[in-house]
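Chain residues, written in single-letter form:
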Amino acid sequence: MDIHNELPSDSSKIASENDIYPPAIAAVPSDQSNPPTDDLSGSIPASAASAGLTMGSQVSGGASNGRGTGGKTAVLGPRALGRALLERQLLLRRSKLSVPDALEHLVGMQAQAPNPPYIGLWSRLHGFHQDDLAAMIRDRSAVRIALMRSTIHLVTARDCLALRPLLQPVLERGLKGNHGKHLTGLDPQELASAARALADEHPLTFSELGTKLSERWPGREPGALAAAARSWVPLVQIPPRGIWGESGQAAHTSAESWLGQELDQKTSVADILLRYLGAFGPASVQDMQVWSGLTRLRGVIEAMRPGLRTFRDEHGRELFDLPDAPLPDPDTPIPPRFLGEFDNMLLSYADRSRIIADRHRPLVFTINGIIRAVILVDGLARGVWRIERRRNCATLVIEPFEPLSEEDLAALAQEGQRLLGFAAADAAEHDIQFH
């Protein structure tokens, strides 16, 4: 896996701090072709449909304004929060959303490695095929660019233009922390102009860009110059990077050159927080900061408070949510799912207990910055998986963290066969092993 210059920054250090783009649909249809446990249909209120959300039953005792009996703020435990997350992440049932609508609903997908977004969309969308996403990357309607947490995300072209200006402080803070001492005295505008001219003339890898910039600024660290270019110029990775089954180092050009449009300066921080809540809520201010990399969001949320509903988690933390966003019953049955490496569900909260137990986090978040591909059982990360190729056989290796029931193992094997049919269709033989 080539993750050169794409490793995430340490977002845990961040947590101490209406022209949105909903899918142009009236509702999110459920996948009627899946087995019963994969089809939990419901109705959609108008406000939820406008955010691209499906509607589940309300948590027992919780009204739409987040108030329980006696006017007290309703408390949501990890299980209720987990069900809400899975509903909004299109994982309770495979959705019939189009790929562009799904990408915008999810506010992009983290994409350090090329293939995980394909796995993520396959797990979320009915009938998804690799070509559905590859075609968008080739025709420039989807791009790979550093955004939230200063990490590479796959987003629609529209979101690239809208989100990138808002996240400029995140990239600059990461640049200062990692390379600031190598950039002292450097004029940002001068370097940005030079880097843009080079990358727009001919797409360049970071190594190539750093080398060329060091010719103009001799004595400067080439890696630091390339990192500064990525922070001060919105650089996108061009195909074949990001195309399933193709390889090659990431070459970069400016978003404006690649998309033929200027960045959109009209989107506000409040806009993207509303979209975050639609895909990840209910959530705390600290969660929003971890997801985005932005700091000092409390004031923004306070200004938005009249239009939001509030809850508390079991530790008393205040959670914010869209007024009519879905809150499925905590006992809603959950089909098993396979998530790819770096899936945003695992990276978008300060408190991740709704998706992974604390004792399992070291088994997923490795010391070298890799976030491993996980299995979801009953809505929680309960193990990791990988596909091994040997001659004509593709083997799906599943490693549960703890013993699973026979029923769960059988359901995982069934979903695993589907995964092999998607990710290793060219293999003559498929095998599944539980370790």
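Further up the page is the structure itself.
The sections below set out a description of the structure shown in this document. (Residues numbered from 1 in each chain as written. Predicted model: local features only at pLDDT ≥ 70, side-chain atom pairs only at ≥ 80, totals over all residues. Heavy atoms only, no water.)

**Some remarks on the side chain of serine 292**
To be explicit about the condition: Numbering of helices and strands starts at the N terminus; helices are DSSP runs of H or I of at least 4 residues and strands are runs of E of at least 2. Burial classes: relative accessible area under 20% of the type maximum marks a residue as buried, over 50% as exposed, and values in between as partly exposed (1.4 Å probe, protein chains only). Between N or O atoms, a polar contact is any pair within 3.5 Å; within protein, one atom must be a potential hydrogen donor and the other a potential acceptor, and residues adjacent in sequence are included only when both atoms are from side chains. Any pair of residues with heavy atoms lying within 4.5 Å of one another is described as a contacting pair.
Positionally, serine 292 belongs in helix H13 (residues 285–292). On the accessibility criterion, serine 292 (0% relative accessible area) is buried. Within the structure, the side chain of serine 292 is placed 3.0 Å from the backbone nitrogen of leucine 294, a separation counted as a polar contact. With near-sequence residues (within four places) excluded, serine 292 lies in contact with Met148, Arg149, Leu167, Val170 and Leu297.

**Re the packing of helix H8 (residues 188–201) against helix H9 (residues 206–216)**
Our working definition: Convention adopted: a line fitted to C-alpha atoms gives each axis, helices being fitted over their contacting stretch, and angles between N-to-C directions are expressed from 0 to 180 degrees. The labels follow the angle: roughly parallel below 35 degrees, roughly antiparallel above 145, roughly perpendicular from 65 to 115, and oblique for the rest. A crossing counts as left-handed when the near helix is turned anticlockwise from the far one by less than a right angle, and as right-handed when that turn is clockwise. Under the convention adopted here, Pro, Cys and the residues Ala, Val, Leu, Ile, Met, Phe, Trp and Tyr are nonpolar, Asp, Glu, Lys and Arg are charged, and Gly plus all remaining residues are polar.
At a closest axis distance of 11 Å, the pairing of H8 and H9 adopts a crossing angle of 130 degrees. Considering their axes alone, H8 and H9 lie oblique with respect to each other. Crossing angle aside, the handedness with which H8 passes H9 is right-handed. On H9, the residues that touch Glu190, Ala194, Ala195 and Leu198 of H8 are Leu209, Lys212, Leu213 and Arg216. Among the residues making up the contact of H8 with H9, the classes are represented as five nonpolar, no polar and three charged.

**Here we look at the sheet that holds strand E8 (residues 318–321)**
For clarity, the cut-off: In short, DSSP must find at least two bridges between two strands for them to pair.
Pairing within the open sheet is mixed, and its three strands lie in the order E1-E7-E8. The strands lining the two open edges of the sheet, one partner per strand, are strand E1 (75–76) and E8. As defined by bridge partners, strand E7 (residues 309–313) adjoins E8 across four bridges and the pair is classed as antiparallel. Bridge pairing links arginine 312 to glutamate 318 in E8.

**Some details on the sheet that holds strand E5 (residues 235–238)**
Ordered in space as E2-E4-E3-E5-E6, the five strands form an open sheet in which the pairing is antiparallel. Each edge of the open sheet is held by one strand with a lone partner, namely strand E2 (109–110) and strand E6 (251–254). In this structure, E2 lies alongside strand E4 (residues 152–156), joined through two bridges in antiparallel fashion. Counterpart to glutamine 110 in the pairing with E4 is histidine 153.

**Let's talk about the pattern of salt bridges**
To be explicit about the condition: Any Lys or Arg side-chain nitrogen located within 4 Å of an Asp or Glu carboxyl oxygen qualifies as a salt bridge.
Under the definition given, this model contains 28 salt bridges. Across the pair glutamate 104 and arginine 158 runs a salt bridge whose closest N-O atoms are separated by 2.6 Å. Taken together, the residues glutamate 104 in helix H3 (residues 99–105) and arginine 158 in helix H6 (residues 157–166) connect sequence positions 54 residues apart. The exposure class assigned to glutamate 104 is buried, which follows from its relative accessible area of 5%. The exposure class assigned to arginine 158 is partly exposed, which follows from its relative accessible area of 41%.

**Considerations on the packing of aromatic side chains**
Short version of the rule: To pair, rings of Phe, Tyr and Trp, with the six-membered ring standing in for Trp, must have centres within 6.5 Å; the planes then decide the type, stacked if under 30 degrees apart, edge-to-face if over 60, and tilted in the middle.
Evaluation of the coordinates by the stated rule reveals nine aromatic pairs. Between tyrosine 118 and tryptophan 244, the ring centres sit 5.4 Å apart and the planes meet at 65 degrees, which makes this aromatic pair edge-to-face. Taken as a pair, tyrosine 118 in helix H4 (residues 116–124) and tryptophan 244 in the loop between E5 and E6 lie far apart in primary sequence, 126 residues in all. Under the relative-accessibility criterion, tyrosine 118 is labelled buried at 0%. An angle of 45 degrees between the planes, with centres 6.3 Å apart, marks the rings of phenylalanine 280 and tryptophan 291 as tilted. One end of the pair, phenylalanine 280, is in helix H12 (residues 269–280); the other, tryptophan 291, is in helix H13, and 11 residues separate them in sequence.

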